[in-house]
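# Topology and contacts: notes
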Amino acid sequence: MIISILNKKGGVGKTPFAFSIAKDLSLYLQSNDTSCIEQIYPNYAVITDTPKLIDNCVYDFGGFKSAGVLKIISESDYVIVPCLPEFNSLLRTMETIDEIKKINPNIIILATDYKDDAELSFLKENLENSFKSIPIIYFKSSKIVKNAINSGKSFIDAA
Ligand SMILES: Nc1ncnc2c1ncn2[C@@H]1O[C@H](COP(=O)(O)OP(=O)(O)O)[C@@H](O)[C@H]1O
Ligand SMILES: [Mg+2]
């Protein structure tokens with residue numbers, strides 16, 4: 001199982017989701033972005049500018065222009081793209097999906113961090129209109145997301 005989590009936008013939750021999914025599924029974790037994953041997930045997590053394609057791994061990609069990263073995205077079983085209820089995030093999500101859909105169509109949008117019905121509607125209307133054939137998972141704003149990184153607990157650990 002290979003899962004890539006990516007969005008050109010920072011601060012959308014790539015790292016906490018990547019960590020939590022990796023820990024709950026006992027998968028390795030590689031990231032090309034600075035974070036504390038090596039401390040909270042020792043022996044499994046590596047931060048590197050040159051991620052290696054291996055099986056049983058979750059990839060947390062802040063940027064994905066380099067050849068090695070594109071190869072990993074193309075080999076992924078799932079590519080998860082988190083999106084927040086903000087116009088900027090939506091635009092970066094559209095750009096991100098546009099760039100990767102040709103190399104891997106197995107995309108899942110993670111519509112995340114909405115705090116109320118208005119933010120949920122914003123995400124639903126914009127995403128469902130723009131991406132008719134891409135599955136969307138909705139994930140409400142929750143303390144467990146930041147807690148995951150601060151405490152080293154996956155979402156299931158914290159439940
Ligand atoms: N469901 C959620 N609940 C709370 N925070 C969330 C949620 N989804 C995404 N986030 C975002 O996750 C951010 C922390 O992740 P961060 O490491 O900054 O992301 P990235 O790795 O994409 O740069 C928070 O600032 C918050 O905006
Ligand atoms: Mg990150």
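The preceding data block contains the structure.
Here we summarise the structure given alongside this text.

Here is what the cut-offs are and how they apply
- Residues numbered from 1 in each chain as written.
- Chains lettered and ligands numbered in written order.
- Predicted model: local features only at pLDDT ≥ 70, side-chain atom pairs only at ≥ 80, totals over all residues.
- Heavy atoms only, no water.
- Pairing = 2+ DSSP bridges.
- Helix = DSSP H or I, 4+ residues; strand = E, 2+ residues; numbered from the N terminus.
- Axes fitted to C-alpha atoms, helices over the stretch in contact; angles between N-to-C directions.
- Contact = heavy atoms within 4.5 Å.
- Buried < 20%, exposed > 50% of the residue type's maximum accessible area, 1.4 Å probe, protein only.
- Arc of directions from axis to C-beta.
- Polar contact = N/O pair within 3.5 Å; in protein donor to acceptor, adjacent residues only side chain to side chain.
- Right-handed = clockwise from strand over helix to strand, strands pointing away.
- Salt bridge = Lys/Arg side-chain N within 4 Å of Asp/Glu carboxyl O.

### Things to note about the sheet that holds strand β3 (residues 45-47)
Pairing is parallel across the open sheet formed by seven strands, whose spatial order is β3-β2-β4-β1-β5-β6-β7. Each edge of the open sheet is held by one strand with a lone partner, namely β3 and β7 (136-140). Each adjacent strand pair in this sheet contributes to an overall mean axis angle of 20°, direction not counted. Relative to strand β4 (residues 57-61), helix α1 (residues 14-24) is tilted by about 175°, and along the sheet it contacts β1 (2-6), β2 (28-31), β4, β5 (78-83), β6 (107-114) and β7. Sheet contacts for helix α5 (residues 117-130): β5, β6 and β7; angle to β6, the most-contacted strand, approximately 160°.

### Concerning helix α6 (residues 143-151)
Along α6, the positions that sit buried rather than exposed are V145, A148 and I149. The buried residues of α6 occupy an angular sector of 85° when the element is viewed end-on, so they sit on one face. Within α6, the exposed residues directed more than 90 degrees away from the buried face are K143, K146 and N150. Two or three places before I144, at the start of α6, stands the capping residue S142, its side-chain oxygen 3.1 Å from that residue's backbone nitrogen. The first or second residue beyond α6 is G152, which carries a positive phi of 75°.

### Section: the environment of I137
Along the chain, I137 falls in strand β7. With 132 residues separating them along the chain, I137 and I5 place their C-alpha atoms 13 Å apart. Beyond its immediate chain neighbours, meaning those up to four positions away, I137 contacts I108, I109, L110 and A111.

### So, the pairing of β7
As judged from the five bridges shared by β6 and β7, these two strands associate in the parallel manner. The residue bridging L110 from the neighbouring strand is I137, located in β7. In this view, the connection linking β6 to its parallel neighbour β7 by way of α5 has right-handed handedness.

### Comments concerning the pattern of salt bridges
For side chains of opposite charge, pairing can occur when their charged atoms come near one another. Tallied over the entire structure, the rule returns eight salt bridges. For R92, the salt bridge identified is with E95, shortest N-O distance 3.6 Å. Here R92 pairs with E95, and both are found in helix α4 (residues 87-100), just three residues apart, close to one helical turn. The class of R92 is partly exposed, set by a relative accessible area of 28%. E95 gets classed as partly exposed once you look at its relative accessible area, which sits at 35%. The structure contains a network of salt bridges with shared partners spanning K8, R92, E95 and E99.

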